[in-house]
Amino acid sequence: MGAIFKRDFSSYFTSTLGYIVIALYMLLSGFFFWLICFYSQYNSLVEVINNMLYVVFFLVPLITMRSFAEEKRQRTDQALLTAPVGLWEIVFGKYLSALALYTICNMAYFLYALVLLISIPDVTIQWGQLLSGWLGIMLLGAALLAINLFYSSLTEYQIIAAVIGMGTGLVLMLYDSIVGAINSFINTLFSTSHQLVVLDKLSLTNHYMNLVKGVINPADVIFYLSWVMLFLFLTVRILDKKRWA
């Protein structure tokens, strides 16, 4: 697993992908940081994270789009699948390399905190809420990485994997609105006031909002880790099917 992690992580920087992802993340988060903390003088890094939430849905597919798709395009996937290493090690190695790049991107918020402390000596940073919000966007990103890694295992075209991932990101971003519309339609149709509680519980953004408020609930952490394990498992099953095909 270590060798796969090193190979995939270094590939982000031997190509331009890693630099592009980091640059985009820094550019957009830096814009929100300037807008919120300096232009509006709100001085809330949690709000910066909240605004970046919607960027993450569309940026994560860029990180994972080549993970397995590139292996298929270069016809190196068979060598990888027949190597003396377990499928879980392959999947975890690639997943951890993507997660490492995503973590580097999210270290920007601590850099912004340092900039605030230097620029505004009497500024008050709510470290507890900042760390909780940072954990929230990390867990959300971890779940999205697993989902998009699965998409990458389905195709040999990076663009297709990225487009499907971005489409999924749009649906997940609008999930609460979609569920609300379904609730309203059902209540209007049957003249009831029931809520689709099960669907509400599946919202990625709802669990994220709990963490941003500064409340670290083990249930929210387990929720995201469950998404990670589910889609890593599905990715392993896809690779296992191809190994024996």
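Everything below is about the structure printed above this text.
Just so it is clear, the model here is predicted, and its values are computed rather than measured. (Residues numbered from 1 in each chain as written. Predicted model: local features only at pLDDT ≥ 70, side-chain atom pairs only at ≥ 80, totals over all residues. Heavy atoms only, no water.)

A. Focus on the overall build of the protein chain. On a plain count of helices and strands, the protein chain comes out with 13 helices and zero strands. Order of helices (α) and strands (β) in the protein chain, N terminus to C terminus: α-α-α-α-α-α-α-α-α-α-α-α-α. Over its C-alpha trace the protein chain gives a radius of gyration of 20 Å, about what one expects of a compact globule, namely 18 Å for 245 residues. In terms of principal-axis extent, the alpha carbons of the protein chain reach across some 60 × 60 × 30 Å. Going through the 245 residues of the protein chain one by one, you find that 46% of them count as buried. Of the contacts made within the protein chain by residues no fewer than 6 positions apart, 77% connect residues no fewer than 24 positions apart. Summing over all exposed atoms, the protein chain offers an accessible surface of approximately 12,300 Å²; the carbon and sulfur share of this is 70%. (Helix = DSSP H or I, 4+ residues; strand = E, 2+ residues; numbered from the N terminus. Rg over C-alpha atoms; globule rule 2.2 N^0.38 Å. Buried < 20%, exposed > 50% of the residue type's maximum accessible area, 1.4 Å probe, protein only. Contact = heavy atoms within 4.5 Å. Areas by Shrake-Rupley, 256 points an atom, 1.4 Å probe, with all protein chains shown as cover.)

B. Representation of helix α3 (residues 45-64) in the model. With 20 residues, α3 extends 27 Å from end C-alpha to end C-alpha; this agrees with the ideal 28 Å at 1.5 Å per step. In α3, a bend of some 45 degrees at Val55 exceeds every other bend along the element. With 16 of 20 residues buried, α3 lies mostly within the body of the structure. (Expected span 1.5 Å × (residues − 1). Bend = angle between axes of the 7 residues up to and from the residue.)

C. Molecular detail of the nonpolar core. Formed by 73 residues in total, the largest nonpolar core has its most connected members in Leu45, Tyr95, Tyr102, Tyr109, Ile137, Leu144 and Tyr224. Among the elements that take part in this core, helix α8 (residues 127-152) stands out by supplying 15 residues, more than any other. Apart from the residues lying within four places of it in its own chain, the contact partners of Tyr109 are Tyr25, Leu45, Val48, Ile49, Met52, Trp134 and Ile137. (Core = buried A, V, L, I, M, F, W, Y, C linked by side-chain atoms within 4.5 Å.)

D. Expanded view of the layout of surface pockets. Taken as a whole, the largest pocket spans an internal volume of roughly 200 Å³. In terms of lining residues, the largest pocket is bounded by Arg7, Asp8, Ser11, Tyr12, Ile63, Arg66, Ser67, Glu70, Glu71, Gln74, Thr76 and Lys94. Per element, the largest residue contribution to the lining of the largest pocket is four residues, and it comes from helix α1 (residues 2-14). For the lining of the largest pocket, a count of residues per class yields two nonpolar, four polar and six charged. (1 Å grid on protein atoms, 1.4 Å probe; cavity = no way out; pocket = protein on both sides within 12 Å on 5 of 7 lines; lining within 4 Å. Points joined across faces, edges and corners; volume = space filled by probe spheres on them. Nonpolar A, V, L, I, M, F, W, Y, C, P; charged D, E, K, R; others polar.)

E. Examining the state of the cysteines more closely. Counted according to the given criterion, the structure contains zero disulfides. Between Cys105, a cysteine without a disulfide, and Cys37, which holds the nearest cysteine sulfur, the sulfur-to-sulfur distance is 19 Å. (Disulfide = S-S within 2.5 Å.)

F. The arrangement of the packing of aromatic side chains in detail. Under the criterion given, the structure shown has 17 aromatic pairs. Note on Phe9 and Phe13: the rings are 5.4 Å apart at their centroids and 70 degrees apart in plane angle, and the pair reads as edge-to-face. With Phe9 and Phe13 both in helix α1 and four residues apart, this pair spans about one turn of that helix. When the ring of Phe150 is compared with that of Tyr151, the centres are 6.0 Å apart and the planes differ by 45 degrees; the resulting orientation is tilted. Assessed through its relative accessible area of 15%, Phe150 is described here as buried. Under the relative-accessibility criterion, Tyr151 is labelled buried at 15%. (Phe/Tyr/Trp six-rings, centres within 6.5 Å; stacked < 30°, edge-to-face > 60°.)

G. Highlighting the side chain of Glu71. Mapped onto the secondary structure, Glu71 falls in helix α4 (residues 69-73). Those residues in contact with Glu71 that sit more than four places away from it in its chain are Arg7, Arg66, Thr76, Asp77, Leu80 and Lys94.

H. Focus on empty space enclosed by the protein. What the rule picks out here adds up to one cavity of 30 Å³ or more. Approximately 70 Å³ is the volume attributed to the largest cavity. In this structure, the largest cavity is lined by Phe68, Glu71, Lys72, Asp77, Leu80, Leu81, Leu239 and Lys242. Going through the elements one at a time, α4, α5 (77-81) and α13 (218-243) are the ones with two or more residues in the lining of the largest cavity. In terms of residue count, α5 provides more of the lining of the largest cavity than any other element does, three residues in total. Across the lining of the largest cavity, the residue classes break down as four nonpolar, no polar and four charged.

Read these as layout, nothing more, since geometry by itself doesn't imply function.
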